Amino acid sequence: MKTIPTKVTLILSCLLIWSCSDFLDQEPGSQISINEQLSTRNGMLEAVSGIYSNLEAVLRFENYTVYADLQGGNLKFSPEPSGSNQGQTIIPENIQNIYNFNDLALESDLESFYDDCYEIINACNLLLENLNTPEDLSASDRDEIEAHMLAIRAFSHFILTQVYAQNTVLGQENTLGVVYKTRSLQEDLEFLPRLSLDETYTNIIADYNASLELFTGNQLLEGPAFSYFDSNSTKALLSRVYLANQNWQQALTAAQGVIESSGIVLTPQENYIESWEESLAPISETLLELSLPRDADGDLGNSIAQTWGYTSATSYGEFVASEDLIDLYEEDDLRGQLFLEIELAVLENDQLVNKPFYFTSKFQGQPGTPVIRISELYLIAAEAAFELNQIPLALEYLNNIRQRAGLDALTQTENLDDQIFLERRRELAFERHLFFDSKRTGRGIVRNDGCLATTCTLDYPSNFFVLPIPQKNLNLNENLIQNEGY
């Protein structure tokens, strides 16, 4: 299984303690612990490993990992497998507010996501500020660690932006981004305001570009190379940022660079399904997948299969594909095979009746947590080329994905932007994209099959394409501005 060994819980608690709101109440010894931890090469590398472990946990956090697909309409709920509610489909309590487009600042369903992202950012900043502390750390090691910290800092700010910031389609110069932290609370207790969205993207892009100047190509941590940022995955994620910022030429250039120079190629059609189902490695076109941690005994930690997995008739995840998504796959589309069709008992007229439900087979067993793969780069290139009116090029990149899936190449250019959007939905299902894609392209939300929400549709634009900043953070930082509508 895709894993990295970790013995970092205590280490990270030392690093992240500086992010806590009760910073001034911490014991004086905390600073000594951090200084001691970061005083040697081994201590520094253990801290880097811990940051990766915490980043994986943030992406795996169920409320966040289902958010984009659930809100966008790719998901519905599986029936309760047992107990007094057996056969009933019920909105899980932990996501009721976001699912109903009615999240609360006082008790947000993604409050811990917000806090944990900034804790990771703070830990990155602590390491950056202490790079010169270990005497046994070579200049090459410093460059490599700095590259990783800058890339993780950029990535963490970007996913915060996806959840908490509107987008440039609105055409508002004063659209708010997020607070961008480049110093740890150890060094800076200033309560910063949210940057504009453009300023936020500028900082994210600057961090990614700075990291690209520093990667040495030498892997410092144990585990498979795909578990860690490198120049290829960082360029790929940079192209994602350019696309979100509607910087079409840079998005196209960055995506083409990865496609042409990374050495990672699209998984061949004949291996596509089996590559997803491989338990010992991610799909072969993976650029970055965060590996599962192991505990002190070498046992694997939790995986996203807790959310998506099917084990037996009494043990399965709460989320299954909606017919809204299933119906998008044409008969010849091999991606339609990436679902486990399972008969589950559903309560109808006080009787249990077996009905089919569809679990994704992308994440069965104990999979790692995916971040980006090469197919997304083809779709980024297609969308950017379309926006630049380079239609033949857009068709070429789009058709690479379609034909790999067993579909005929498109030749018609009418509604090509819609075709690209739908191809992203089919290809990248359950990989944290749909709702964010809808927002950044100015599309509304329609949820039909299995929708239990008080609000199943959402027109664009709407205040509810973003979540509220958690109230406790507003109380702590008087310079924060709440999102409109909350």
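Above this text is the structure in question.
Treat the numbers as computed from the prediction; the structure is a model and nothing was measured.

Caption draft 1: Summary view of the overall build of the protein chain. Per the secondary structure count, the protein chain includes 19 helices and 12 strands. Rg of the C-alpha trace for the protein chain: 22 Å, near the compact-globule value of 23 Å for 486 residues, within the 12% margin. Overall size of the protein chain, expressed as C-alpha extent along the three principal axes, is 65 × 55 × 50 Å. Relative to its full complement of 486 residues, the protein chain shows a buried share of 56%. The contacts of the protein chain with a sequence gap of at least 6 include a subset with a gap of at least 24, amounting to 71%. If you sum the accessible surface of the protein chain, you get close to 19800 Å²; carbon and sulfur atoms cover 45% of it. Separation between the mean location of the 28 positive side-chain charges and that of the 72 negative ones in the protein chain comes to 2 Å.

Caption draft 2: Seen up close, the nonpolar core. By size, the foremost hydrophobic cluster in this structure holds 133 residues, and its most contacted members are Phe113, Tyr164 and Phe229. Not counting the four nearest positions on each side in its chain, Phe113 is found in contact with Val58, Phe61, Tyr64, Ile159, Leu160, Val163 and Tyr164.

Caption draft 3: Quick peek at the environment of Trp248. With respect to the helices and strands, the residue Trp248 is situated in helix α11 (residues 248-261). It is 20 Å that separates the C-alpha atoms of Trp248 and Phe435, two residues lying 187 residues apart in sequence.

Caption draft 4: Highlighting the pattern of salt bridges. All chains considered together, the criterion is met by 22 salt bridges. Lys355 is the partner of Glu348 in a salt bridge, and the nearest nitrogen-oxygen pair spans 2.4 Å. Look at Lys355 and you get partly exposed, because its relative accessible area is 33%. Among the ionic pairs, Glu427 bridges to Arg373, the shortest N-O distance being 2.8 Å. One end of the pair, Glu427, is in helix α17 (residues 416-427); the other, Arg373, is in strand β10 (residues 369-373), and 54 residues separate them in sequence. Overall, Glu427 belongs to the buried group, its relative accessible area being 0%.

Caption draft 5: Spatial organisation of the packing of aromatic side chains. Across all of its chains, the model carries 25 aromatic pairs by this definition. Consider the rings of Tyr67 and Phe436, whose centres lie 5.9 Å apart with planes at 50°: the pair is tilted. Taken as a pair, Tyr67 in helix α5 (residues 67-72) and Phe436 in helix α18 (residues 434-440) lie far apart in primary sequence, 369 residues in all. Under the relative-accessibility criterion, Tyr67 is labelled buried at 1%. Pairwise contacts between aromatic rings join Phe77, Tyr99, Trp308, Phe319, Tyr329, Phe339 and Phe430 into one cluster. The ring of Phe421 has Arg443 sitting right over it, with the charged end atom 4.4 Å from the ring centre.

Caption draft 6: Structural detail: a negative patch on the surface. A cluster of acidic side chains, namely Glu270, Glu274, Glu277 and Glu278, defines a negative patch on the protein surface. In this structure, Glu277 sits in helix α12 (residues 272-277). Relative accessible area serves as the criterion here: at 47%, Glu277 is assigned to the partly exposed category.

Caption draft 7: Summary view of the state of the cysteines. Using the criterion set out here, one finds 1 disulfide in the structure. Between the sulfur atoms of Cys451 and its disulfide partner Cys456 the distance amounts to 2.1 Å. Taking the sign of the S-S torsion, about -100° here, the bridge from Cys451 to Cys456 comes out left-handed. Among the residues examined, Cys456 registers a relative accessible area of 23% and is labelled partly exposed. No disulfide involves Cys117; its sulfur sits 11 Å from the nearest other cysteine sulfur, which is in Cys124. By relative accessible area, which is 1% here, Cys117 ends up buried.

Caption draft 8: Spatial organisation of the pairing of strand β8 (residues 339-348). With 10 bridges connecting them, β8 and strand β9 (residues 351-360) associate as antiparallel partners. Its bridge partner being in β9, Val346 is matched across the sheet by Val353. Connecting the antiparallel pair β8 and β9 is a turn made up of 2 residues, with Asn349 showing a positive phi of about 55°.

Caption draft 9: Empty space enclosed by the protein, seen in detail. Scanning all chains against the criterion turns up 6 cavities of 30 Å³ or more. Put simply, the largest cavity is a space of about 180 Å³. Phe158, Gln162, Ala244, Phe436 and Arg440 are the residues nearest the centre of the largest cavity, which is lined by 18 residues in total. Taken together, the elements giving at least two residues each to the lining of the largest cavity come down to α8 (139-164), α10 (231-244), α15 (374-387) and α18. Broken down by element, the residue count for the lining of the largest cavity peaks at 4 residues, all from α18. Computed from the structure, the second largest cavity encloses a volume of approximately 80 Å³. Around the second largest cavity, the lining residues are Leu59, Tyr64, Phe155, Ile159, Gln162, Arg240, Val371, Glu431, Arg432 and His433. It is α8 that provides the largest number of residues to the lining of the second largest cavity, a total of 3 residues. Here the lining of the second largest cavity is built from residues that sort into 5 nonpolar, 2 polar and 3 charged.

Caption draft 10: Expanded view of the packing of helix α16 (residues 391-404) against α17. Between α16 and α17, the least distance of the axes is 11 Å, while the angle of their chain directions is 30°. Taken as axis vectors, α16 and α17 run roughly parallel relative to one another. Along this stretch, α16 crosses α17, giving a crossing that reads as left-handed. Here α16 contributes Ile391, Ala394, Leu395, Leu398, Ile401, Arg402 and Arg404 to the contact with α17, which in turn contributes Leu416, Gln419, Ile420, Glu423, Arg426 and Glu427. Class assignment of the residues belonging to the contact of α16 with α17 gives a composition of 7 nonpolar, 1 polar and 5 charged.

Caption draft 11: Fine view of the environment of Pro268. Relative to the elements of secondary structure, Pro268 occurs in the loop between α11 and α12. For the pair formed by Pro268 and Ala405, sequence separation is 137 residues and the distance between their alpha carbons is 9.4 Å.

Caption draft 12: Main features of α8. Look at α8: 37 Å from first C-alpha to last across 26 residues, which is about the 38 Å you get at 1.5 Å a residue. Most of α8 sits inside the fold, with 22 of its 26 residues counted as buried.

Thresholds, definitions, all that
Residues numbered from 1 in each chain as written. Predicted model: local features only at pLDDT ≥ 70, side-chain atom pairs only at ≥ 80, totals over all residues. Heavy atoms only, no water. Helix = DSSP H or I, 4+ residues; strand = E, 2+ residues; numbered from the N terminus. Rg over C-alpha atoms; globule rule 2.2 N^0.38 Å. Buried < 20%, exposed > 50% of the residue type's maximum accessible area, 1.4 Å probe, protein only. Contact = heavy atoms within 4.5 Å. Areas by Shrake-Rupley, 256 points an atom, 1.4 Å probe, with all protein chains shown as cover. Lys, Arg positive; Asp, Glu negative; His and termini not counted. Charge placed at Lys NZ, Arg CZ, Asp CG, Glu CD. Core = buried A, V, L, I, M, F, W, Y, C linked by side-chain atoms within 4.5 Å. Salt bridge = Lys/Arg side-chain N within 4 Å of Asp/Glu carboxyl O. Phe/Tyr/Trp six-rings, centres within 6.5 Å; stacked < 30°, edge-to-face > 60°. Lys NZ or Arg CZ within 6 Å of the ring centre and 35° of its normal. Patch = residues over 30% accessible without salt bridge, like charges linked within 9 Å, V, L, I, M, F, W, Y side chains within 5 Å. Disulfide = S-S within 2.5 Å. Pairing = 2+ DSSP bridges. 1 Å grid on protein atoms, 1.4 Å probe; cavity = no way out; pocket = protein on both sides within 12 Å on 5 of 7 lines; lining within 4 Å. Points joined across faces, edges and corners; volume = space filled by probe spheres on them. Nonpolar A, V, L, I, M, F, W, Y, C, P; charged D, E, K, R; others polar. Axes fitted to C-alpha atoms, helices over the stretch in contact; angles between N-to-C directions. Parallel < 35°, antiparallel > 145°, perpendicular 65-115°, else oblique. Left-handed = near helix turned anticlockwise from the far one by under 90°. Expected span 1.5 Å × (residues − 1).

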